[in-house]
Amino acid sequence: MKKIITLLALSLVSLLHAEDPLQFRNDSAAVANDISFSHFAVFLEGGEIYPMGDLMDAVKNALYGGVGIRYTYWDNVDGVVMFQYTYFKPNVDTDIDGVHQFMGRVGADWKWKPIHPVVLGGGFTCSWTHADSEDENWSKPGGTLTDNETEFGWYARVSLPVFKYKEYSLGFNVMWEHLWTLPESSNMLSAGITFERSIW
């Protein structure tokens, strides 16, 4: 019983000596006005990737498919998390049948009012690749991909919603991706369609 009384007394003293004893009410109001995660949606995405620069000589254009989530972060900014899969066919004479590429992205979409309904986006990307080949000769073109490779980079994206019905929406997007590969960086351009469903 003495411990409970001591605890209550200490709590009362700390409350009385606080600069603003009712600050907790302001904090509660801030939480009530916070719009983070007030909107949450899932989406499917598909389209085509166009390798650029030296990468254009190594692999052919490829179709891709992916999934993602979108959530409110600030008043006009959404957080985005995306996962994508692509299978590239080689554009050179090599023993590799193709290359699996898994992409993970974390970024944000900015709904800038002057260009509404166009949405600007960008963020960080991580690429994991693995080549289809029984021969692990690293000296051949693309040989290092048989042992898996992980690369990081950034992306910039422009999206245009074109149709909305209740909690469903459909739109187009174009994305530029830059990967910090060695000996030179790799660039890819992609264009696709996004089908989104709002959860809340």
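Since this is a predicted model, take the numbers as computed values, not measurements.

1. Quick word on the side chain of T125
Part 1: Locating T125 in the fold gives a position in strand β5 (residues 119–132).
Part 2: Residue T125 is classed as buried on the basis of its relative accessible area of 3%.
Part 3: Of the polar contacts made by the side chain of T125, one reaches the side chain of E177; its length is 2.7 Å.
Part 4: Those residues in contact with T125 that lie beyond four places of it in its chain are M103, G104, R105, E151, F152, G153, W154, E177 and L179.

2. Points about the nonpolar core
Part 1: Counting residues in hydrophobic clusters, the biggest one holds 11 residues: I49, V59, A62, Y64, F88, I96, V99, M103, A131, L179 and M188.
Part 2: If you list the elements that add at least two residues to this core, you get β2 (62–72) and β4 (98–110).
Part 3: For F88, the contacting residues outside a window of four places in its chain are I49, P51, V59, K60, A62, G98, V99, Q101 and M188.
Part 4: Counting five residues, the second-largest nonpolar core is a separate cluster that includes F43, V80, M82 and M175.

3. Quick word on a nonpolar patch on the surface
Part 1: Judged by side-chain polarity, L44, V67, F83, L160, V162, F163, Y165, Y168, L170, F172, I193 and F195 come together as a nonpolar surface patch covering roughly 1,100 Å² of accessible area.
Part 2: Those elements giving two or more residues to the nonpolar patch turn out to be β6 (149–165), β7 (168–179) and β8 (186–198).
Part 3: Positionally, F163 belongs in strand β6.

4. Notes on the sheet that holds strand β3 (residues 77–88)
Part 1: Reading around the circumference, β1-β2-β3-β4-β5-β6-β7-β8 is the order of the eight strands in this closed barrel, with antiparallel pairing throughout. In this sheet, neighbouring strand axes are inclined to one another by 25° on average, regardless of whether the strands run parallel or antiparallel.
Part 2: The pairing of strand β1 (residues 40–52) with β8 spans 12 bridges and is antiparallel. Considered in β8, the bridge of E45 is made with T194.

5. Description of the pairing of β4
Part 1: Inspection of the sheet shows β3 paired to β4 by 12 bridges, in the antiparallel sense. Bridge assignment links V81 to a residue of β4, and that residue is V106.
Part 2: Inspection of the sheet shows β4 paired to β5 by 13 bridges, in the antiparallel sense. Among the inter-strand pairings, V106 is bridged to a residue of β5, identified as F124.

6. Quick word on unusual backbone geometry
Part 1: Omega for the bond connecting H116 with P117 falls within 30 degrees of zero, at 15°, which places this linkage in the cis form.
Part 2: Tracing the backbone through its elements, the reader meets P117 in the loop between β4 and β5.
Part 3: One non-glycine residue, F37, lies in the positive phi region at around 65°.
Part 4: For F37, the location among the structural elements is in the loop between α2 (23–33) and β1.
Part 5: Residue classification places F37 among the partly exposed positions, given a relative accessible area of 47%.
Part 6: Phi at K166 is positive, roughly 55°, even though this residue is not glycine.
Part 7: Secondary-structure assignment places K166 in the loop between β6 and β7.
Part 8: Residue classification places K166 among the exposed positions, given a relative accessible area of 62%.

What counts, and at which threshold
Residues numbered from 1 in each chain as written. Predicted model: local features only at pLDDT ≥ 70, side-chain atom pairs only at ≥ 80, totals over all residues. Heavy atoms only, no water. Helix = DSSP H or I, 4+ residues; strand = E, 2+ residues; numbered from the N terminus. Buried < 20%, exposed > 50% of the residue type's maximum accessible area, 1.4 Å probe, protein only. Polar contact = N/O pair within 3.5 Å; in protein donor to acceptor, adjacent residues only side chain to side chain. Contact = heavy atoms within 4.5 Å. Core = buried A, V, L, I, M, F, W, Y, C linked by side-chain atoms within 4.5 Å. Patch = residues over 30% accessible without salt bridge, like charges linked within 9 Å, V, L, I, M, F, W, Y side chains within 5 Å. Areas by Shrake-Rupley, 256 points an atom, 1.4 Å probe, with all protein chains shown as cover. Salt bridge = Lys/Arg side-chain N within 4 Å of Asp/Glu carboxyl O. Pairing = 2+ DSSP bridges. Axes fitted to C-alpha atoms, helices over the stretch in contact; angles between N-to-C directions.

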